[in-house]
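Inside the fold
Each chain, letter by letter, is given below.
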Amino acid sequence: MGKEHAWSRPARPRRPVRSGLLLAGLGLGLCLIGVAGLGVWNVQMMLQANGPVRDTADAFLREVASGDTDKAYQKLCRDARSRWSAVGFGSWVRTPPQVSGYEITDVSVATERGIPRATVKARLTRDGGASEERSLRVVQEDGKWRVCGDPF
């Protein structure tokens, strides 16, 4: 009889495992890059919105303090304008003690369900010198920032 051959296991190519690990690593890397990109985009959106939100609140409070309630009314969101008529808003703002000055102390912008919203904190000075902290909710409508809710 012939010689007996020692048993040997057939060689398995390692390529499919290496290729799979390489593709999984690339996929994970792309996901991480995408998440980082979305994070950077979100931060940029918030930083860019900070200025217009401050400008909107500043203009609104300046008009309230100067007594120009018609212009201030135009800076209110649709929801606030549906609850207040221009005349009613003007009467409400002119109710003593009136706002005679203000200082914006903080602006924060965040997204809620993908919708940018902001809060502006301001110190209002009333006739007679009394001051109080108030928060103005600011929302984006039709590409413009508007004061919403009950600011006083």
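Heads up: these notes are all about the structure in this document.

1. Remarks on the state of the cysteines
- One pass over the full model with this rule turns up one disulfide.
- The disulfide bridge from Cys77 ends at Cys148, spanning 2.0 Å between sulfur atoms. Taking the torsion about the S-S bond as the criterion, the Cys77 to Cys148 disulfide, at about 60 degrees, is right-handed. Within this pair, whereas Cys77 is found in the loop between α2 (69-74) and α3 (78-83), its partner Cys148 is found in strand β4 (residues 144-148), the two being separated by 71 residues in sequence. Of the two residues, Cys77 and Cys148, both sit in the buried class.

2. Focus on the packing of aromatic side chains
- Within the structure shown, the criterion is met by four aromatic pairs.
- Note on Trp84 and Trp92: the rings are 4.5 Å apart at their centroids and 20 degrees apart in plane angle, and the pair reads as stacked.
- On the basis of relative accessibility, which here comes to 26%, the residue Trp84 falls in the partly exposed class.
- With relative accessibility at 23%, the residue Trp92 sits in the partly exposed group.
- In textbook terms, an aromatic cluster arises when at least three aromatic residues are bridged by ring pairs, as seen for Phe60, Tyr73, Trp84, Phe89 and Trp92.

3. Considering unusual backbone geometry
- For the bond running from Pro96 to Pro97, omega is -10 degrees, close enough to zero to count as cis.
- Relative to the helices and strands, Pro97 resides in the loop between α4 (86-93) and β1 (99-112).
- Positive phi outside glycine occurs at Asp142, with the angle close to 50 degrees.

4. Topic: the pattern of salt bridges
- For the structure on display, the rule yields eight salt bridges.
- For Glu132, the salt bridge is made with Arg134, and the minimal N-O distance between the two is 2.7 Å.
- Look at Glu132 and you get partly exposed, because its relative accessible area is 24%.
- Classification of Arg134 as partly exposed rests on a relative accessible area of 30%.
- Where Glu141 meets Arg146, a salt bridge forms, and the shortest distance between an N and an O atom there is 3.9 Å. Here the two residues Glu141 and Arg146 agree in accessibility, since each one is buried.

5. Focus on the side chain of Glu63
- Relative to the assigned elements, Glu63 resides in helix α1 (residues 15-66).
- The class for Glu63 is buried, based on a relative accessible area of 10%.

6. Points about the pairing of strand β2 (residues 115-126)
- Burial of the side chains of β2 is restricted to one face: Pro116, Ala118, Val120, Ala122, Leu124 and Arg126 are buried, whereas none of Ile115, Arg117, Thr119, Lys121, Arg123 and Thr125 on the reverse face is.
- Sheet topology note: the β1/β2 ladder contains 12 bridges and is antiparallel. Bridge pairing in β2 links Ile104 to Ala122.
- Between the end of β1 and the start of β2, which pair antiparallel, lie two residues, with Arg113 showing a positive phi angle near 55 degrees.

Thresholds, definitions, all that
- Residues numbered from 1 in each chain as written.
- Predicted model: local features only at pLDDT ≥ 70, side-chain atom pairs only at ≥ 80, totals over all residues.
- Heavy atoms only, no water.
- Disulfide = S-S within 2.5 Å.
- Helix = DSSP H or I, 4+ residues; strand = E, 2+ residues; numbered from the N terminus.
- Buried < 20%, exposed > 50% of the residue type's maximum accessible area, 1.4 Å probe, protein only.
- Phe/Tyr/Trp six-rings, centres within 6.5 Å; stacked < 30°, edge-to-face > 60°.
- Salt bridge = Lys/Arg side-chain N within 4 Å of Asp/Glu carboxyl O.
- Pairing = 2+ DSSP bridges.

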